[in-house]
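Structural features, examined
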Amino acid sequence: MSIFLQALIWQFFDVPKEILKAWRNFLVFNLNYFSVPTLLKTFISPWRKYVYRYGKIFDIKNNFGTFIFNMMSRTIGAILRSFFIIIGLLVEVLIILIGAIIFLGWLALPFLLIFGLIFGIKLLF
Amino acid sequence: MFNFELKKTAIYRAVKWEKWPIFKFAKFFEKLFLILFVIFFLIFLYGFVPENFSQAASKKLLGLSTIFLVCYLSARIKGAFFNLKLKNSKPETTLSEVILNPEDYNLAEFLSFEAAKAVKQAIDFSRRRKLSKVYIFQSPFEFKRN
């Protein structure tokens, strides 16, 4: 295979494939770093497992208090988890944008270089 | 008998390509073009921002810095292509397959770039000295010294 053909394959197939792999790794890493899947699974679980046990069935007053406390614990848990989920998703969007710029930039690089050379020569003369 | 033909391998071509001026001086030109780009771009900024130079001079400086940036990036890509693609050509078969029937495969295909370079140097050394055997162990020491 000629060196020129090898260079073309490397530029437009090999390296983009590696960029896609690295991009996917960053996306998966970020999701795990912020524990997004785990936080979604346990989204309405009580905060730090702070819960009261319900009393006897006719102890309505205590059971109502327990219910309110447990609901608050779940609400606090959901609020704090959503905070981390949102940060994780924002970073995920950032990684998607940066990855897209790098991926498309790499594919467009040879054309940008040719354009840059023509632009530079035009400015000179 | 095993089959060992270095000249028929992709890695041998890479060893030969390494001597091409386009790859041989890629690192030097990369540094040179980067320095030139930085110098010309700084001069352009010095002239353009406070309007120290005429518009025509600024245009020429910007043109030169653009050309040097393009040259720098091209040299960098060339270097990466050589180091990542040409120097790391992988054989189509795995060693576990080859070990079953070594005589059916060209074992030289499994050499790394540095090893292929050493073997090539050993072959050249033996040819120069008109030796009947190839002194493969001679070359790595010479190679290390170089």
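Structure's up top.
What comes next concerns the included structure. (Residues numbered from 1 in each chain as written. Chains lettered and ligands numbered in written order. Predicted model: local features only at pLDDT ≥ 70, side-chain atom pairs only at ≥ 80, totals over all residues. Heavy atoms only, no water.)

Notes on the interface of chain B and chain A
- Contact residues are listed per partner, giving 19 residues for chain B and 16 residues for chain A.
- Surface buried jointly by chain B and chain A totals about 1,600 Å² across both partners, of which 82% is contributed by carbon and sulfur atoms.
- Broken down residue by residue, the surface that chain B buries against chain A is led by Ile77(B), Phe81(B) and Lys85(B), which jointly contribute 32%.
- Our enumeration of links across chain B and chain A arrives at one salt bridge.
- One salt bridge connects Asp14(A) with Lys85(B), and the closest N-O pair in it is separated by 2.8 Å. (Contact = heavy atoms within 4.5 Å. Buried area = accessible area lost by both parts, 1.4 Å probe. Salt bridge = Lys/Arg side-chain N within 4 Å of Asp/Glu carboxyl O.)

Regarding the pattern of salt bridges
- This model, assessed by the stated rule, comprises six salt bridges over all chains.
- Put simply, Lys21(A) and Glu18(A) hold a salt bridge, and the shortest N to O gap is 3.5 Å. Linking Lys21(A) with Glu18(A), this pair stays in helix H1 (residues 3-33), spanning three residues, or about one helical turn.
- Note that Lys117(B) is salt-bridged to Glu18(B), the shortest N-O span being 3.3 Å. A residue pair is termed long-range when its members are at least 10 positions apart, and Lys117(B) in helix H6 (residues 113-128) and Glu18(B) in the loop between helix H1 (10-17) and helix H2 (21-24) qualify at 99 residues. (Helix = DSSP H or I, 4+ residues; strand = E, 2+ residues; numbered from the N terminus.)

Here's the deal with a nonpolar patch on the surface
- A contiguous nonpolar patch, built from Tyr54(A), Phe64(A), Phe67(A), Ile68(A), Met71(A), Met72(A), Ile76(A) and Leu80(A) and spanning about 750 Å² of accessible area, is present on the exposed surface.
- Overall, Phe67(A) belongs to the partly exposed group, its relative accessible area being 39%. (Patch = residues over 30% accessible without salt bridge, like charges linked within 9 Å, V, L, I, M, F, W, Y side chains within 5 Å. Areas by Shrake-Rupley, 256 points an atom, 1.4 Å probe, with all protein chains shown as cover. Buried < 20%, exposed > 50% of the residue type's maximum accessible area, 1.4 Å probe, protein only.)

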